[in-house]
Amino acid sequence: MKIITFAIPSYNSQDYMEKCINSLLPGGEDVEILIVDDGSTDRTGEIADDYAARYPGICRAIHQPNGGHGEAVNAGLRNAQGIYYKVVDSDDWVDPEAYVQVLSTLKRLVRQGTPVDMLLTNYVYEKVHENTRRRMVYSLLFPQNKVIGWNEMKHNIKGFTILMHSVTYRTQMLRDCGLELPKHTFYVDNLFVYVPLPHVKTLYYLNVNFYRYFIGREGQSVAEQTMIRRIDQQLRVNYLMIDSVDPWKVTEKHLRKYMLGYLEMITVVTTSMAYLSHDKENLEKVRALWRYMKQKDRRTYMKVRYGIMGSAMNLPGPTGRRLSVKAYQLTRKIMKFN
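So, here is what we can say about the structure in this document. As the structure is a computational prediction, the values presented were derived from the model and not from experiment. (Residues numbered from 1 in each chain as written. Predicted model: local features only at pLDDT ≥ 70, side-chain atom pairs only at ≥ 80, totals over all residues. Heavy atoms only, no water.)

Further remarks concern the packing of helix α9 (residues 253-277) against helix α10 (residues 280-296). Each packed pair of helices is defined by two parameters, the angle between the axes and the distance between the axes. At their nearest, the axes of α9 and α10 sit 8 Å apart, and the two run at 155° to each other. With respect to α10, the axis of α9 lies roughly antiparallel. In this structure, α9 meets α10 at a crossing whose hand is left-handed. For the pair α9 and α10, contact is made by T267, T270, T271, A274, Y275 and S277 and by N282, L283, V286, L289, W290 and M293, respectively. Here the residues of the contact of α9 with α10 sort into 7 nonpolar, 5 polar and no charged. (Axes fitted to C-alpha atoms, helices over the stretch in contact; angles between N-to-C directions. Helix = DSSP H or I, 4+ residues; strand = E, 2+ residues; numbered from the N terminus. Parallel < 35°, antiparallel > 145°, perpendicular 65-115°, else oblique. Left-handed = near helix turned anticlockwise from the far one by under 90°. Contact = heavy atoms within 4.5 Å. Nonpolar A, V, L, I, M, F, W, Y, C, P; charged D, E, K, R; others polar.)

Set out below in structure tokens:
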């Protein structure tokens with residue numbers, strides 16, 4: 001039985017995908033590597049087939065018409081045979097020493113009959129354009145090396161968020177919660193780490209720097225100007241987050257507070273992109289987003305709108321918007337988030 005399935009969404013990734021795949025191969029027969037060729041027009045599909053031929057029983061190539069990152073994640077989940085499921089983007093990789101500890105931990109939990117719904121590990125921003133690295137660790141939020149529930153979360157610190165890079169989910173839990181990411185949409189990783197959380201009953205924090213997140217590739221989706229151009233997709237994800245989970249049905253107070261804080265952060269990012277665009281149409285779109293949230297659930301709106309970040313993003317008038325953008329940029333610089 002495979003301990004973990006790694007899905008690698010790959011679109012025109014020929015120039016960097018082999019580093020990603022090679023970093024996962026040391027898992028051997030304990031792992032399954034699904035290389036999802038999402039309608040690529042370069043050699044991505046050929047490279048995927050070559051790995052599948054060279055490493056049968058470990059690597060599988062999945063070819064599909066272009067459906068975007070979310071549909072590649074969906075395809076991986078549909079085909080996964082591992083007890084656990086993790087997404088590794090084709091321009092990222094994993095740390096070899098941390099990899100050994102991750103596999104060892106998951107195998108032990110399965111062997112003991114205590115497989116958790118979510119394994120949480122650190123990730124590292126590899127910022128090529130700045131020649132810097134920044135570790136994102138969770139030791140302030142969660143106790144280490146023990147099976148816990150959300151009630152044992154130590155703190156809720158805004159800015160310290162659970163991202164796709166830091167989670168490894170139990171595969172069946174993802175299927176049971178009905179996770180299905182939208183096609184042809186960027187930023188769906190926010191849904192991937194938001195929608196399943198109420199279904200996560202047990203988790204385990206392993207304090208290792210497992211995931212290496214590459215930043216600096218030209219045209220990358222997290223680049224600020226790219227996000228401004230794709231603001232409609234950011235808005236779509238924001239609306240889906242509002243619609244997908246009712247935080248007031250989340251009975252565990254630590255988790256509910258975290259989810260409200262995460263929704264606040266994403267809504268603030270969406271609002272900031274509209275402000276930075278200096279486009280009246282985009283400004284009206286984010287006003288409509290805030291109105292929708294208010295109409296949908298006033299309690300959620302009040303928590304998001306009058307949180308620390310939400311308040312900073314809603315200062316009145318053009319001067320207020322300029323100050324809001326300055327606050328966003330300062331926070332981004334300090335926290336190094338993307």
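Still more ground to cover, so stick around.
Glancing now at unusual backbone geometry. Phi is positive for Y187, close to 70°, though the residue is something other than glycine. Tracing the sequence through the fold places Y187 in the loop between α5 (171-176) and α6 (189-192). You will see that H278, though not glycine, has its phi angle at about 55°, which is positive. Tracing the chain through its elements places H278 in the loop between α9 and α10.

What follows is about the pairing of strand β4 (residues 84-87). Neither face of β4 is exposed, since Y84 and K86 on one face and Y85 and V87 on the opposite face are all buried. Two strands pair when backbone bridges link them, and strand β1 (residues 4-10) and β4 are joined in this way by 4 bridges, in the parallel orientation. Among the inter-strand pairings, T5 is bridged to a residue of β4, identified as Y85. Here β4 pairs with strand β9 (residues 167-170) via 2 bridges, running antiparallel. Across the sheet, residue Y84 finds its bridge partner in β9, namely R170. (Buried < 20%, exposed > 50% of the residue type's maximum accessible area, 1.4 Å probe, protein only. Pairing = 2+ DSSP bridges.)

Everything listed here is a matter of geometry and, on its own, says nothing about what the molecule does.
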